[in-house]
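Here's the letter readout for the chains.
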Amino acid sequence: MKVIKTKAKTIYTKSRIPGVDYGVNQYVGCQFACKYCYAKFICKWKPYGEWGTWVEVKINAPELARKRVYGEVVMSTISDPYQPIERELKLTRRTLEMMNKRNKISILTKSPLVVRDIDLFKLFNEIDVGLTINSFEGKEKQLIEPFTPSQKLRIDALKNLKERGVKNYAFVSPIIPGITDVEEIIRETKDIADYYFFEVLNLKVAGQKFRELLMENFPESYEIMVNDEKFWRFVKELIALIKRLNIRAEGVEVHRRGWELIEVK
Ligand code: SF4
């Protein structure tokens, strides 16, 4: 793993995500190296090699985090703030320490390391901490995201946040027909997740290599993803399932021709 230490000019980047004002990336790049990662487009501008083989560390991120910005801040958009290197560097922790505690902040990770910072989360007026849960196990996990922590560890982290009074959410993503078991995820997390956010795989942004992987190893899933009629039937069934399970869902994000957030009421 290549670690590149840099000094940045800013770590607050104006966000195009609806409802989000700024993205914060103290790291760029991610050791988890998920095959579908939507952030790998950044490789175009970084001369370090393939996605998942390098991490850029903004060593002055804590200092830059002092800057006053106003609005909702999301950590992170092109990295996982609790990827393995964070255990040693504590860069995310030091960045959070310096941030304005009055901003609304939303953190998203796949790592149970996040519970280390619960003491800090409690200092923020408004903070939501999410764990990505997608039920990938065995062969599926090996093919799609071999380096991420297990589902069990992520669910345990969600539980830990809940028990220690930190508002949490389960980010169920990416939902891939026939692979992501949404019903099982909800059954396992219903009593511990404060709310849910769902996202159906964005096949286009996942990239050509991932499309080939899906086509080769999960042809039925691929067929549903590329066939309009089958895709929308799948989404309709997914929404019916979420409604039936009676949970608080912030919506289902769908990428077809553009971005769409389908409300679940
Ligand atoms: S954990 Fe997130 S940022 Fe990291 S590789 Fe996976 S999808 Fe990308």
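Residues numbered from 1 in each chain as written. Predicted model: local features only at pLDDT ≥ 70, side-chain atom pairs only at ≥ 80, totals over all residues. Heavy atoms only, no water.

S.K.: Is there a simple way to think about the sheet that holds strand β5 (residues 54-58) in this case?
M.R.: Pairing between sheet strands relies on hydrogen bonds along the backbone, with the strands arranged either parallel or antiparallel. If you walk across this open sheet you meet the 3 strands as β1-β5-β4, and the pairing is mixed. The open sheet is flanked by β1 (2-6) and β4 (27-28), the only strands paired with a single partner. As defined by bridge partners, β1 adjoins β5 across 5 bridges and the pair is classed as parallel. In the sheet register, Thr 6 faces β5, and the bridge partner there is Lys 58. (Pairing = 2+ DSSP bridges. Helix = DSSP H or I, 4+ residues; strand = E, 2+ residues; numbered from the N terminus.)

S.K.: Teacher, can you tell me more about the pairing of strand β10 (residues 195-200) here?
M.R.: Within a regular strand, the side chains alternate between the two sheet faces. Among the 6 residues that make up β10, 6 are buried, leaving the element largely enclosed by the rest of the structure. Two elements, strand β9 (residues 168-175) and β10, share 5 bridges in a ladder whose sense is parallel. Across the sheet, Ala 170 pairs through a bridge with Tyr 196, a residue of β10. Bridge analysis of β10 against strand β11 (residues 249-256) gives 3 bridges, and the strand direction is parallel. Across the sheet, the residue bridging to Glu 199 is Glu 253, located in β11. (Buried < 20%, exposed > 50% of the residue type's maximum accessible area, 1.4 Å probe, protein only.)

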